[in-house]
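Report on the structure
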Amino acid sequence: MQRQLTLFEDDVQATPAIKVSRSGTFVDNMALPVHRWFRYSAGFAAEWVDQVLTEWGIGRQHLVLDPFVGSGTLSVVCDTRGTPSLGVEAHPLVARVCKSKLLWKTPPQRLDAFAGKILVQSGKQRSQTAGYPPLIERSYDADALTSLDAMKRAWLASQDESPASELVWLALTAILRPTSKAGTAQWQYILPNKAKKRVLAPHPAFRQQIEMMKSDLRWMQARAGRSLAEIIAGDARTLADKTPREVDAVITSPPYANNYDYADALRFEMTFWGDVNGWGDIHDAVRKYLIVSSSQHSSRERLRLADLLESDAVTPIHAELTQVVERLAEVRKDHGGKKHYHTMVAAYCRDISLVLQQLRRVCKPGSRMCWVVGDSAPYGVHCPIEKWIAELALAAGFETYRFEKLRDRNTKWKNRKHRVPLQEGLLWIQG
Ligand SMILES: C[S@@+](CC[C@H](N)C(=O)[O-])C[C@H]1O[C@@H](n2cnc3c(N)ncnc32)[C@H](O)[C@@H]1O
């Protein structure tokens, strides 16, 4: 058996159709039923996932896994195909969004009735907007916050954990940004100091969201009988014991080692619902459950480089990883921010390796995986993440891999912090 296919191969013979259409992001999903219920910038394109499953011949008899399922793109695609799926997501609010999207079997009239009740009850609520944290106060006009607070109180008073109740929670969560006057940076960081032009009023936005969801419920129910998706709100690094049966295929997009803080992505929504009061709460509420991909994470946990490099999980890439992270530890001394990129990168590799080991335990022999991956260069030090993930996959017991580059990154932005060319692509793993 050939152990390794060519790495960084640019001409793709095996999957030309997939390559051509793999230019999508979650924005493409905003035109698709159910996917569009919540905008999660980190998501990948549903149509691409569908194509990969078709090319692989995945059908109703198979089980497909996404260990970083996010808002459930893979789960919804599998439901539309009648394919059983399993998703793991460690961010509690993201996992709840994902689970809510899978309640598409709910009769539209139940959703309508629950939403109607919330609108009526909200008219009777005495809203109390004074106690909101500054992030929320600064992000809304007084009238908008009063309406949203009244709807939130009405929901809290009526919630009964029924599917309709969860769908209305999702609808309220989904309109928080369109009804806010604050701008949103790339990747969903909220910017209260930056006003945006188009702001929707809460009641019309809520009605519109509910109408869209009702129409999608009908669409989905005309195509599929029931959801075959299971979601584990937990940690991909320990998924094997919670996986009900062997897996045939994996499609996933893990966090990249690029300092994007997934824990912070939905801080706005969590603050509105009272799950956190501010940035300081995010680590204990969310970040500590995620794989390490930001320097806030590794510094907050006071991770030690020596411990990380001693971990068995990174042994297969030890020499090259040590060289890179020691360079990062050196370069950091010349930077004011003194970011903990050295421990971030080492911990990221350890965590990804642990996930790959878990995947080997649950994947059938000969199964296929596709990872959407990108490299990174914190402080301008290049980290060949896609190559390391591939090597860790082989060490975990998978047999072959091939990297298919899709696009260059870090070539356009004027304000980019370094000039190291980066790339993003698909890592096809089999075995
Ligand atoms: C790139 S996003 C995946 C988005 C997904 N493909 C979608 O379409 O919504 C990566 C996800 O991994 C999650 N994550 C991070 N650490 C995790 C862990 N230890 N276990 C499971 N999920 C984790 C993050 O919260 C994030 O939602």
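Before reading on, note that the structure itself is shown above.
Worth saying up front: this structure is predicted, and the values here are computed from it rather than measured. (Residues numbered from 1 in each chain as written. Predicted model: local features only at pLDDT ≥ 70, side-chain atom pairs only at ≥ 80, totals over all residues. Heavy atoms only, no water.)

Details of the overall build of the protein
Helix and strand counts for the protein stand at 18 helices and nine strands. Relative to its length of 431 residues, the protein is compact, with a C-alpha radius of gyration of 22 Å against a globular reference of 22 Å. Once the C-alpha set of the protein is aligned to its principal axes, its extents read approximately 65 × 55 × 40 Å. Sequence separation of 24 or more characterises 74% of the internal contacts of the protein that already satisfy a separation of 6 or more. Carbon and sulfur atoms make up 49% of the accessible area of the protein, which totals about 18,600 Å². Computing the positive centroid from 58 side-chain charges and the negative centroid from 47, the protein places the two 5 Å apart. (Helix = DSSP H or I, 4+ residues; strand = E, 2+ residues; numbered from the N terminus. Rg over C-alpha atoms; globule rule 2.2 N^0.38 Å. Contact = heavy atoms within 4.5 Å. Areas by Shrake-Rupley, 256 points an atom, 1.4 Å probe, with all protein chains shown as cover. Lys, Arg positive; Asp, Glu negative; His and termini not counted. Charge placed at Lys NZ, Arg CZ, Asp CG, Glu CD.)

Structural notes on the environment of D66
Along the chain, D66 falls in strand β1 (residues 64-66). In this structure D66 comes out as buried when scored by relative accessible area, which is 1%. The sequence separation of D66 and R304 amounts to 238 residues, and the corresponding C-alpha distance is 30 Å. Beyond its immediate chain neighbours, meaning those up to four positions away, D66 contacts F44, L74, L86, G87, V88, I251, T252 and S253. Within the structure, the side chain of D66 is placed 2.9 Å from the backbone nitrogen of F68, a separation counted as a polar contact. (Buried < 20%, exposed > 50% of the residue type's maximum accessible area, 1.4 Å probe, protein only. Polar contact = N/O pair within 3.5 Å; in protein donor to acceptor, adjacent residues only side chain to side chain.)

Brief notes about the site of the ligand
Close contacts around the ligand come from 24 residues, with Y40, S71, T73, E89 and D235 the closest. Within the side chain of Y40, a nitrogen or oxygen atom sits 2.7 Å from an oxygen atom of the ligand. In this structure, A90 approaches the ligand through a main-chain N or O atom, which is 3.3 Å from a nitrogen atom. When the ligand sits alone it has 600 Å² of accessible area, and the protein chains cover 99% of it. (Near = heavy atom within 4 Å.)

Quick look at the sheet that holds β1
Read from one edge of the open sheet, seven strands run β5-β2-β1-β6-β7-β9-β8, paired in mixed fashion. Looking at which strands have only one partner, the edges of the open sheet turn out to be β5 (229-232) and β8 (400-409). Shown here is a sheet whose adjacent strand axes are inclined to one another by a mean of 15 degrees, direction ignored. Alignment of strand β7 (residues 363-374) against strand β9 (residues 422-430), held across seven bridges, turns out to be antiparallel. Looking at the pairing, V373 lines up with G425 of β9. Sheet strands in contact with helix α3 (residues 46-55) are β1, β6 (247-252), β7 and β9, and its direction is about 150 degrees off that of β6. (Pairing = 2+ DSSP bridges. Axes fitted to C-alpha atoms, helices over the stretch in contact; angles between N-to-C directions.)

Quick word on the pattern of salt bridges
It is possible for side chains of opposite charge to pair when their charged atoms get near one another. Per the stated rule, a full pass over the model turns up 21 salt bridges. Put simply, D241 and R361 hold a salt bridge, and the shortest N to O gap is 2.9 Å. Of this pair, D241 sits in the loop between β5 and β6 while R361 is found in helix α17 (residues 341-362), placing the two residues 120 residues apart along the sequence. Classification of R361 as exposed rests on a relative accessible area of 53%. We note a salt bridge from K333 to E330, for which the minimum N-O separation is 3.2 Å. With a relative accessible area of 45%, E330 lands in the partly exposed category. (Salt bridge = Lys/Arg side-chain N within 4 Å of Asp/Glu carboxyl O.)

Note that all results are geometric; they support no functional claim without further evidence.
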